[in-house]
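Spelled out, the chains give:
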Amino acid sequence: MLWSLSPFGEAKAGIPYGMLNGINIYLVFIGCFLANVLVFPMMLFFLDKINKYFLRWFFYKKSAIYVARRAKTGSGEKIKKFGFWGLILFVMIPLPGTGVYAGSIATYLFKIERKKAFWANTIGIFLSSVIVWSATLISMKGMGTV
């Protein structure tokens, strides 16, 4: 679950880690999925309340501007164009740089309605978790560990 809360892997790392370490495959899915869903409200709290204090520090401000520019030029146009469905797709893709952390930042930057963004992120996390869980399960069967 800690990997699923972490920006260094989210459920994309937590699910394989748990499954490959012998934890019940269904418990791993549920725990990692729920932990990853918790990231969205935590990130929005950080961006709304704490971010403005950190912006006083030059290094943080410079880093935040860099992340914001990358988000806007990367998938920002697609998210703005396709809205809810674009955000689901962006969060769903199980690749580095996508996921609920990036989805939360996009929600904040593009001022997407919070309730819609929460559901888009949750659906995207669920679909990403299913992809990673299935791929891990298939590979474990191939290795003969299930």
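Residues numbered from 1 in each chain as written. Predicted model: local features only at pLDDT ≥ 70, side-chain atom pairs only at ≥ 80, totals over all residues. Heavy atoms only, no water.

Focus: the layout of surface pockets
Approximately 320 Å³ is the volume found for the second largest pocket. Elements that contribute at least two residues to the lining of the second largest pocket include exactly helix H3 (25-54), helix H4 (58-73) and helix H6 (100-109). Among the elements that take part in the lining of the second largest pocket, H4 stands out by supplying seven residues, more than any other. (1 Å grid on protein atoms, 1.4 Å probe; cavity = no way out; pocket = protein on both sides within 12 Å on 5 of 7 lines; lining within 4 Å. Points joined across faces, edges and corners; volume = space filled by probe spheres on them. Helix = DSSP H or I, 4+ residues; strand = E, 2+ residues; numbered from the N terminus.)

Let's talk about the packing of helix H5 (residues 76-92) against H6
It is the contact of H5 with H6, at a shortest axis distance of 10 Å, that shows an interaxial angle of 160°. Judged by the angle between their axes, H5 and H6 are roughly antiparallel. Judged by the twist between their axes, the crossing of H5 over H6 is left-handed. Along the contact surface, H5 presents Ile79, Leu87, Phe90 and Val91, while H6 presents Val100, Ala102, Gly103, Ala106 and Thr107. Grouping the amino acids of the contact of H5 with H6 by side-chain chemistry returns seven nonpolar, two polar and no charged. (Axes fitted to C-alpha atoms, helices over the stretch in contact; angles between N-to-C directions. Parallel < 35°, antiparallel > 145°, perpendicular 65-115°, else oblique. Left-handed = near helix turned anticlockwise from the far one by under 90°. Contact = heavy atoms within 4.5 Å. Nonpolar A, V, L, I, M, F, W, Y, C, P; charged D, E, K, R; others polar.)

Some details on the environment of Leu5
Along the polypeptide, Leu5 turns up in helix H1 (residues 2-5). Linking Leu5 and Met42, residues 37 residues apart in sequence, is a C-alpha distance of 9.9 Å. For Leu5, the contacting residues outside a window of four places in its chain are Ala35, Leu38, Val39, Met42 and Tyr101.

Some remarks on the side chain of Thr122
The topology assignment puts Thr122 in helix H7 (residues 114-143). For Thr122, a relative accessible area of 11% gives the class buried. (Buried < 20%, exposed > 50% of the residue type's maximum accessible area, 1.4 Å probe, protein only.)

Things to note about H5
Across its 17 residues, H5 extends only 15 Å between first and last C-alpha, which sits more than 12% below the 24 Å expected from 1.5 Å per residue. Taking the largest bend as the criterion, H5 deviates by roughly 135°, centred on Gly83. (Expected span 1.5 Å × (residues − 1). Bend = angle between axes of the 7 residues up to and from the residue.)

Description of the pattern of salt bridges
Taken as a whole and judged by the stated rule, the model has one salt bridge. Close ionic contact of Arg114 with Asp48 constitutes a salt bridge, the shortest N to O distance being 2.8 Å. Here the residue Arg114 occupies a position in helix H7, and Asp48 occupies one in helix H3, the gap between them amounting to 66 residues. (Salt bridge = Lys/Arg side-chain N within 4 Å of Asp/Glu carboxyl O.)

Some remarks on the nonpolar core
Grouped together as the largest cluster of nonpolar side chains are 20 residues, with contacts concentrated most on Ile79, Leu87, Val100 and Ile125. Those elements that place two or more of their residues in this core are H3, H5, H6 and H7. The element that contributes the greatest number of residues to this core is H3, accounting for seven residues. If we ignore the near neighbours within four places in the chain, the residues touching Leu87 are Ile79, Gly103, Ala106, Thr107, Ile112, Ala117, Ala120 and Asn121. (Core = buried A, V, L, I, M, F, W, Y, C linked by side-chain atoms within 4.5 Å.)

Re empty space enclosed by the protein
This model, assessed by the stated rule, comprises one cavity of 30 Å³ or more. By volume, the largest cavity amounts to about 40 Å³. What lines the largest cavity is simply Glu10, Ala11, Lys12, Asn36, Val91, Gly99, Ile125, Ser128 and Ser129. Mapped by element, the contributors of at least two residues to the lining of the largest cavity are helix H2 (10-20) and H7.

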